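# Coordinates in review
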Amino acid sequence: MKVALIELGGSHEECMLTQMIALKSINASITLICTPDIKARNPHFEKYVDAILVVDFTKKAWADFKLILGINQFLKSNDFQKAILNTAQGGHIRNLCLTASKSVEFIGVIHTIRKFQGSFTQKTIHRKIKKYLLLSDFLLDKITIPKKLNVESFYPLDYPEFDLKITKRPAETWITIVGGVENRRKDLTGFISMLEKTNNENIKFIFLGKSDENKEEVVNFKAQIQAINRSNQVVMFNDFIAPDLFNAYLKATDFLCPLIHPETQSAAQYISNQISGAFNLAYSYQIPLLIHDRYNDIEDLQNSSIFYNLTNFEAILPNAIQIRGEIVTKIASIEKWKKQFQQKKLIEFISK
């Protein structure tokens, strides 16, 4: 099988390694078609693919359209059977689908269910893509699948392994928030409330992503932490975190906390229409989630989480630390959260 794995949006690379490993398990030939950023951030991809085609968009409409035409010509002239679009949405993907050869089957990964809720661009994309993957069972349960489309869930659980280790004091508990300081994706106001009640220097909160010091929300956030005298409990990074350091922090993490809280931008961004990247990291690394109890009706979270609210967080935390091992065991026992299960499922889906 000759497959192109395509990511033109410059993100969501965390979903690609499982696809590469699965395809290699059936000796598929893989060509990665991606932006320069994706290639630069993921040098570990090179050992899983047979070729890489870098597409550097100019942001000029006609020039970029010609690049899209070039991708389709490349797929057709090199006899690709299938193309997996790792982010199957947006203008570039629409143009790719409109100009695609009938001889190449397109399969898409969708990251937000809004794309199944009346998007005109997506309806155009549906003319070419008939098979989609959504990144959780509970998102799949929320949608009405359009006629003639095949939509299934997929949990990309493979992440690169590295030898780097970091030192952590045995008495410490690390609660990691994946990504930098950004109020659109995380309830920072709620976090300050949680932090203020957690007066224990052995509890460390780690924002595992770049927090841009030039942004006003980051400056204000740091000032709030200093005002309540909790700076020694919060770790932030000013720069992009290399994959080996990211992996090392996760390996030492006790809990993942997405900071998704009801009636905030975080809930609108995640839960309602898409998932937090922290969810699949939790299942893959077998790290229990700390998540708001408004979401205790979601089966995936029932099997992986300890629930809190902004009133009881301080009281919940000691018990969470005590039962952490039980949650780890529970995550490890779920069949669908085993890497080989998802690899096999992916191959069966794209081979239909």
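These lines cover the structure that appears in this document, whether it is placed above or below. (Residues numbered from 1 in each chain as written. Predicted model: local features only at pLDDT ≥ 70, side-chain atom pairs only at ≥ 80, totals over all residues. Heavy atoms only, no water.)

## Things to note about the overall build of the chain
Just so we agree on the cut-off: A run of DSSP states H or I qualifies as a helix once it reaches four residues; a run of E qualifies as a strand once it reaches two. Both are numbered from the N-terminal end. Between the two quantities, the radius of gyration covers C-alpha atoms and the globule rule is 2.2 Å times the number of residues to the power 0.38. A simple rule labels every residue: compare its accessible area, found with a 1.4 Å probe on the protein chains alone, to the largest value its type can have, and call it buried under 20%, exposed over 50%, or partly exposed in between. Each accessible area is a Shrake-Rupley result for a 1.4 Å probe, and residues are judged covered by the shown protein chains and nothing else. When charges are tallied, Lys and Arg are placed among the positive residues and Asp and Glu among the negative ones, while His and the ends of the chain are skipped. Where a charge lies is defined by one atom per residue type, namely NZ (Lys), CZ (Arg), CG (Asp) and CD (Glu).
From N to C terminus, the chain includes 14 helices and 13 strands. A compact globule built from 352 residues would reach a C-alpha radius of gyration of about 20 Å, and the chain, at 21 Å, matches this within 12%. Considered along the principal axes of its C-alpha atoms, the chain spans approximately 65 × 45 × 40 Å. In the chain, buried positions account for 53% of the 352 residues. A total of about 16,100 Å² of accessible surface is found on the chain, and carbon and sulfur atoms cover 49% of it. Each charge sign in the chain was given a centre, from 44 positive and 37 negative side chains, and these centres are 8 Å apart.

## So, the side chain of Thr 253
How we decide: We define a polar contact as two N or O atoms separated by no more than 3.5 Å, with the added condition that, inside protein, one atom must be a possible hydrogen donor and the other a possible acceptor, whereas residues neighbouring each other in sequence contribute only through side-chain atom pairs. Residue contacts follow a heavy-atom distance rule, with two residues in contact if any of their heavy atoms lie within 4.5 Å.
For Thr 253, the location among the structural elements is in the loop between helix H9 (243-252) and strand E11 (255-256). For Thr 253, a relative accessible area of 3% translates into the label buried. Side-chain polar atoms of Thr 253 contact the side chain of Thr 176, separated by 2.7 Å. A distance of 2.7 Å separates the side chain of Thr 253 from the backbone oxygen of Tyr 249, its partner in a polar contact. Excluding anything up to four places from it in sequence, Thr 253 contacts Trp 174, Thr 176, Ile 287 and Arg 324.

## Digging into the environment of Asn 238
Its location among the elements puts Asn 238 in the loop between strand E10 (234-237) and H9. Asn 238 sits in the partly exposed class, given a relative accessible area of 39%. Once the C-alpha coordinates of Asn 238 and Ser 211 are considered, the two residues, 27 residues apart in sequence, prove to be 5.3 Å apart. Discounting chain neighbours no more than four positions away, the residues touching Asn 238 are Lys 210, Ser 211, Glu 213 and Lys 222.

## Things to note about the nonpolar core
Where we set the bar: Grouping buried Ala, Val, Leu, Ile, Met, Phe, Trp, Tyr and Cys residues that are joined through side-chain atoms within 4.5 Å yields what is termed a nonpolar core.
Leu 75, Phe 106, Phe 191, Phe 279, Leu 290 and Leu 301 are the most contacted members of the largest nonpolar core, which has 116 residues in total. Sequence-distant contacts of Leu 75, that is, excluding residues within four places in its chain, are made with Ala 4, Ile 6, Ile 33, Phe 80, Ala 83, Val 104 and Phe 106.

## Observations regarding the sheet that holds strand E7 (residues 150-153)
As a reminder, the rule being used: For two strands to pair, DSSP has to find at least two bridges joining them. All axes here are fitted lines through C-alpha atoms, helices being fitted over the stretch that makes contact, and every angle between N-to-C directions spans 0 to 180 degrees.
Ordered in space as E3-E2-E1-E4-E5-E6-E7, the 7 strands form an open sheet in which the pairing is parallel. Each edge of the open sheet carries a strand with a single partner, namely strand E3 (51-54) and E7. Direction aside, the axes of adjacent strands within the sheet are offset by 20° on average. Of the pairings in the sheet, the one linking strand E6 (residues 129-134) to E7 comprises 4 bridges and is parallel in character. Its bridge partner lying in E7, Leu 133 is registered against Glu 152. Across the sheet, helix H3 (residues 61-77) touches strand E1 (2-7), strand E2 (29-34), E3, strand E4 (82-85) and strand E5 (105-110), and the angle it forms with E2 is around 175°.

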